[in-house]
Amino acid sequence: GENVEQHPSTLSVQEGDSAVIKCTYSDSASNYFPWYKQELGKRPQLIIDIRSNVGEKKDQRIAVTLNKTAKHFSLHITETQPEDSAVYFCAVAGGTSYGKLTFGQGTILTVHP
Amino acid sequence: GAVVSQHPSWVICKSGTSVKIECRSLDFQATTMFWYRQFPKQSLMLMATSNEGSKATYEQGVEKDKFLINHASLTLSTLTVTSAHPEDSSFYICSAGPRGETQYFGPGTRLLVL
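Residues numbered from 1 in each chain as written. Chains lettered and ligands numbered in written order. Predicted model: local features only at pLDDT ≥ 70, side-chain atom pairs only at ≥ 80, totals over all residues. Heavy atoms only, no water.

Undergrad: Residue-level account of the pattern of salt bridges, with values.
TA: Using the criterion set out here, one finds 8 salt bridges over all chains in the structure. Among the salt bridges present, the one from A:Lys100 reaches B:Glu59, with a minimum N-O distance of 3.3 Å. Of the two residues, A:Lys100 sits in strand E10 (residues 97–103) while B:Glu59 sits in the loop between strand E6 (57–58) and strand E7 (67–73), which places them in two different chains. Take A:Lys100: its relative accessible area is 25%, and that puts it in the partly exposed class. (Salt bridge = Lys/Arg side-chain N within 4 Å of Asp/Glu carboxyl O. Helix = DSSP H or I, 4+ residues; strand = E, 2+ residues; numbered from the N terminus. Buried < 20%, exposed > 50% of the residue type's maximum accessible area, 1.4 Å probe, protein only.)

Undergrad: An account of the side chain of B:Ser89 is requested, with residue identities and associated values reported.
TA: Residues and elements named next belong to chain B. Topologically, Ser89 is positioned in the loop between strand E8 (76–81) and strand E9 (90–96). Engagement of the side chain of Ser89 in a polar contact is seen with the backbone oxygen of Pro86, the distance being 2.9 Å. Of the polar contacts made by the side chain of Ser89, one reaches the backbone nitrogen of Val113; its length is 2.8 Å. When residues no more than four places from it in sequence are discounted, the contact partners of Ser89 are Phe39, Leu111, Leu112 and Val113. (Polar contact = N/O pair within 3.5 Å; in protein donor to acceptor, adjacent residues only side chain to side chain. Contact = heavy atoms within 4.5 Å.)

Undergrad: Tell me about the interface of chain A and chain B, and name the residues and values.
TA: With 19 residues of chain A in contact, the opposing surface of chain B contributes 22 residues. When the two sides are added together, the surface that chain A and chain B hide from each other amounts to roughly 1600 Å², 54% of it contributed by carbon and sulfur. Looking only at chain A, the three residues that lose the most surface to chain B are A:Arg43, A:Tyr98 and A:Lys100, adding up to 31% of its buried area. One salt bridge connects A:Arg51 with B:Glu101, and the closest N-O pair in it is separated by 2.5 Å. At the level of secondary structure, the elements contributing two or more residues to the side of chain A that touches chain B comprise strand E4 (30–38), strand E5 (45–51) and E10 of chain A. Counting residues per element, the side of chain A that touches chain B draws most heavily on E10(A), at 5 residues. Of the residues assigned to the side of chain A that touches chain B, the class counts are 8 nonpolar, 6 polar and 5 charged. (Buried area = accessible area lost by both parts, 1.4 Å probe. Nonpolar A, V, L, I, M, F, W, Y, C, P; charged D, E, K, R; others polar.)

What follows is the structure in structure tokens.
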């Protein structure tokens, strides 16, 4: 089955700095790559996603890049703010598992004011 | 749009009892819903795929007789934890999507088995 590795497990930045989280996956048939933000005790919230026919997608301060050849994708957050502090999960889906997500281990992002 | 609800938000029960958790898609129909489990400080682990009108598909290692799933309508899936034990204590979350691929999560149900 699909295997997703996410790094780093924790990330601490100063407000205004950029943060980058990386994920690798194993199944070359995967074609959908969402990122979720989860605050303590709450549901995961979709923040951005990308499909395999696109190399990069941006939404305000958040961007995702995908390298299908290398089977890795990254989340970039610019101008970080304290409210960006949360756990971020990458996920992978596609191939024969439409809608079924395999998650990375998560990254605890802390933005210091 | 794309709102998913869950009920109850938290439940405490005695060991050996059964607990039913509901997952509803409020503004769309979902032929498929997914159930995940999340232990403290860990990632989400898929338990099963709930299919409307047919049997659920369980992930390897998940006991289908312990975690009963029913998807009787296009907006409701239920997960019943039968004969719950303390090790079943966890955060249970469902997901669904109006267009299948993009998944939206319910608020989760925190289960504590004493």
